[in-house]
Structure formats: C-alpha cells, structure tokens
Amino acid sequence: MTETIKDLIEVTKTKTSKIKNVDFDNLSFGSTFSDHMLVCDYENGEWSVPKIMPYQAISLEPSSKIFHYGQSVFEGLKAYKDAQGDVFLFRPEDNCKRLNISSKRMAIPELPEAYFMEGLKKLLEVDRDWIPSKEGSSLYIRPFIFATGKGFHASPATSYKFIIATAPSGAYFAGKVKVLIEETYSRSANGGVGFAKAGGNYAGQFYPTQLAVKKGYNQVIWTDDTSHEYIEEAGAMNIFVRINDTLMTAPVSDRILDGITRKSIIQIAKDEGFKVEERKISVNELVEAAKNGSLKEMFGAGTAAVVSPISTFGFRDKDYDLPELENTYASKLKKRITDIQTNNASDPFGWRIKV
Ligand SMILES: *Cc1c(COP(=O)(O)O)cnc(C)c1O
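Residues numbered from 1 in each chain as written. Predicted model: local features only at pLDDT ≥ 70, side-chain atom pairs only at ≥ 80, totals over all residues. Heavy atoms only, no water.

1. A short note on the environment of Lys-150
Checked against the element boundaries, Lys-150 lands in the loop between strand S8 (138-147) and strand S9 (160-169). The exposure class assigned to Lys-150 is exposed, which follows from its relative accessible area of 54%. Sequence separation between Lys-150 and Leu-124 is 26 residues; the distance between their C-alpha atoms is 32 Å. (Helix = DSSP H or I, 4+ residues; strand = E, 2+ residues; numbered from the N terminus. Buried < 20%, exposed > 50% of the residue type's maximum accessible area, 1.4 Å probe, protein only.)

2. Details of empty space enclosed by the protein
This structure, assessed with the given rule, holds one cavity of 30 Å³ or more. Here the largest cavity defines a volume of roughly 80 Å³. Mapped by element, the contributors of at least two residues to the lining of the largest cavity are strand S6 (77-81) and helix H6 (260-271). Sort the elements by how many residues they give to the lining of the largest cavity and S6 lands first, with three residues. Split by residue class, the lining of the largest cavity holds four nonpolar, five polar and one charged. For the lining of the largest cavity, the two domains that each supply at least three residues are domain 1 (2-169) and domain 2 (177-340). (1 Å grid on protein atoms, 1.4 Å probe; cavity = no way out; pocket = protein on both sides within 12 Å on 5 of 7 lines; lining within 4 Å. Points joined across faces, edges and corners; volume = space filled by probe spheres on them. Nonpolar A, V, L, I, M, F, W, Y, C, P; charged D, E, K, R; others polar. Domains from an automatic or database assignment.)

3. What about the nonpolar core?
In this structure, Trp-47, Ile-141 and Phe-162 are the most contacted members of the largest nonpolar core, which totals 36 residues. Of all the elements in the fold, those that place two or more residues in this core are strand S2 (36-43), S6, strand S7 (87-90), helix H3 (92-105), helix H4 (113-126), S8 and S9. With six residues, the single largest contributor to this core is H4. The contact partners of Ile-141, leaving out residues within four places of it in the chain, are Glu-75, Gly-76, Leu-77, Lys-78, Ala-79, Leu-89, Leu-120, Leu-124, Ile-164, Ala-165 and Thr-166. Among the nonpolar cores identified, the runner-up in size contains 22 residues, and Met-248, Leu-295, Ile-310 and Phe-313 belong to it. (Core = buried A, V, L, I, M, F, W, Y, C linked by side-chain atoms within 4.5 Å. Contact = heavy atoms within 4.5 Å.)

4. Thoughts on the state of the cysteines
What the rule picks out here adds up to zero disulfides. There is no disulfide at Cys-40, and the cysteine sulfur nearest it, in Cys-96, is 11 Å away. With relative accessibility at 1%, the residue Cys-40 sits in the buried group. (Disulfide = S-S within 2.5 Å.)

5. Quick notes on the pattern of salt bridges
In the structure shown here, the tally under the stated rule is 24 salt bridges. When the shortest N-O distance is used, the salt bridge between Glu-272 and Lys-332 registers 3.7 Å. Of the two residues, Glu-272 sits in the loop between H6 and strand S15 (275-278) while Lys-332 sits in helix H8 (residues 329-341), which places them 60 residues apart along the sequence. On the basis of relative accessible area, Lys-332 is assigned to the partly exposed category, the value being 44%. Close ionic contact of Arg-279 with Glu-285 constitutes a salt bridge, the shortest N to O distance being 2.7 Å. One network of salt bridges, in which partners are shared, links Asp-271, Glu-272, Lys-332 and Arg-336. (Salt bridge = Lys/Arg side-chain N within 4 Å of Asp/Glu carboxyl O.)

6. Quick word on the packing of H3 against H4
Relative to each other, H3 and H4 sit at 140°, their axes nearing to 10 Å. Comparing their axes, H4 and H3 come out oblique. Like other packed secondary-structure pairs, H3 and H4 cross with a definite hand, here right-handed. Listed contacts from H4 to Pro-92, Glu-93, Asn-95, Cys-96 and Leu-99 of H3 are Glu-113, Phe-116 and Met-117. Here the residues of the contact of H3 with H4 sort into five nonpolar, one polar and two charged. (Axes fitted to C-alpha atoms, helices over the stretch in contact; angles between N-to-C directions. Parallel < 35°, antiparallel > 145°, perpendicular 65-115°, else oblique. Left-handed = near helix turned anticlockwise from the far one by under 90°.)

This is how it looks when you write it as structure tokens:
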C-alpha cells in the first residue's frame, strides 16, 4: 500500500487528557478546547507535513508580522456525530478552497489541500471522543493561518503557521436578534478584503457593533460602502430576507463573504420549491415591505448558528418589527440543512462526508 499524507502525520498524544473535566451536556460555544491540535509550518518556501500534538500555548517573537500587519486568515466548520457514533463533515473541501482564496488576498502562501483535508481527518480520529453527539451539539473546528515571520519591515512574512484547533460546542442559541442598519461605518469596500475570512475584518466590525449594542441592538446590518442603500451582511453572517413568498439574498462580490451556509440554503430553498433571488436588496424596499406587511422574515446564515432569525430592524431611529410567524422559511431551511449535516436525512446534494 502506498503511503498517504495521513500516514506521514506524526501524532504526539497528551499524557493528561482534559476530557473528564468537560460537562458535555452543558457546553457553551467555542470556549472548551479539545486535547490536540494540528500544526503545520511554512518555511523556506514550503509547507511542512502537519503534526498533531497536545493543545498548548505557542511562543512567538514580538516582531512576528501577525502582530503588526495582521496577515491572518481563518475558517470555521463543524464535525457531527450521529446516534451510531459515525462522524460527518459538511462540505469541508469548500472551507479548504476558501481558506486559500482568503490567503491569496492576504499574500499568504497556498496550503496543499491534502494537508488540510487529511490533517483534519486525522485530528478528528485522534480527538474522536471530543465530538459531542447530543442534538444541537457539534465539534467546532477552527483552521487558521498567520504570519510568524519576524521583522518590522512592512512586507509579507516568509514564514507562517497553519493550525487546526477544535472546540466541542453546544447549540448556538442567539435568541431574538435585533439589528441596526448601519449607514456610517462599512465592513468592506470595493476592491477590499471583505470576501476574505481575514482576522482584521472582524476587528473592524467590533467598534460599530459596540455602538449598536449601546443603542439596544444585538448586531449590525452592513450596507454597501458607496451608497449605504443596499444591505449586504448581518454582522458576520450572510443575510436573507423574505418578502411575500420570495427569499432573497445579496449577491456575493468582493465585499461579501461567499458563505457555505448561504449557498447551501439557496440550493435547499430551490429544492423546496421556494422562489429565490440573488439580487441587491435596498433599505428602502425593506422599509416599504415592513410598512405594507409584505416583509415576512429576515435571518442571518452562517456555520455557527446555521440560521439566526431577526425579530426587529432599526433604521434611522425607527424600529420595524417582523411578524411572529409559524412554519417559517428560516425554521424549515434550518431543519433541512441540520438534518443533512447530522445524518438525519438523505443528502441528495452530496455535501456530507463520513470521516
Ligand atoms: C464566515 C462568514 C460567513 C458565513 O460563512 P459560512 O461558510 O456559512 O460559515 C458570512 N459572513 C462573514 C463575514 C463571515 O466571516
């Protein structure tokens, strides 16, 4: 048998597993970390074969470029365990491809797909007991790359680290989300880095979001940077709007992140026979629809919460409440996507892979 990348990955297991201290029935989101992590270094023009080692602190020099120039990208996906103990991933190749798309924009060298995919599978084998099986729970997986290269010179680093760390997580209950349509600050701009999952995109969102929170909202709805007339994303999630029976979402561009949940929802909605439009959605249209009662639903879509329904949106000091409906598109779509992810339903799209 030929040796695969997976066979080459060296594993150093922890001598002091933390798993006995974890209450798997009461997990929060992303704050308990599994025993192991995958680490892969880029030096002298190439990525080394990944290694699996105990989850631990890493040491970096103060001049490491990540601290000064923010060269860092990340991904987020989940592993699910069904009642039989089988483990599944949802469209992980798409995360790998997107990581490299983000990296390219941040001048970070491309990571071989096999290091990501085989490395992740092996890490899940090692930490298989950390994958929760309780309904709504999953193992949140955070792959990321950052510049370790040294020097205050403002240029791309010549060395990087790719790490995958994981966190067993409970259901992400966002509750009722009140959002504020943002007209002053922008998350992204034409020609910018909005389509990349770059760490700095988040840093830039925190302050405007803090201002919205002070006004009593949970989250910001980003509008386009030129006119602020069109809605683009809901915080760090893609945005969906239902007017009458049409489901709409903003088209992806260099300002909008191409979410895997977003594109899966579009496909499922079409499969359900819903009318779906990918088009610009103006704030005016939203306000008019709210006033005349045709605005039925708004929700954010992303891996962490899957679907996060919005109860109210604020625009220019006025709040518009969404109706409380039963059998929403949001709940129907969330159930279908979650059933596919967790092996509770057939997967006609071929998205689920067994690990
Ligand atoms: C990660 C992310 C999303 C959601 O992407 P998924 O692949 O569905 O998790 C949406 N918008 C932004 C800005 C993001 O960073």
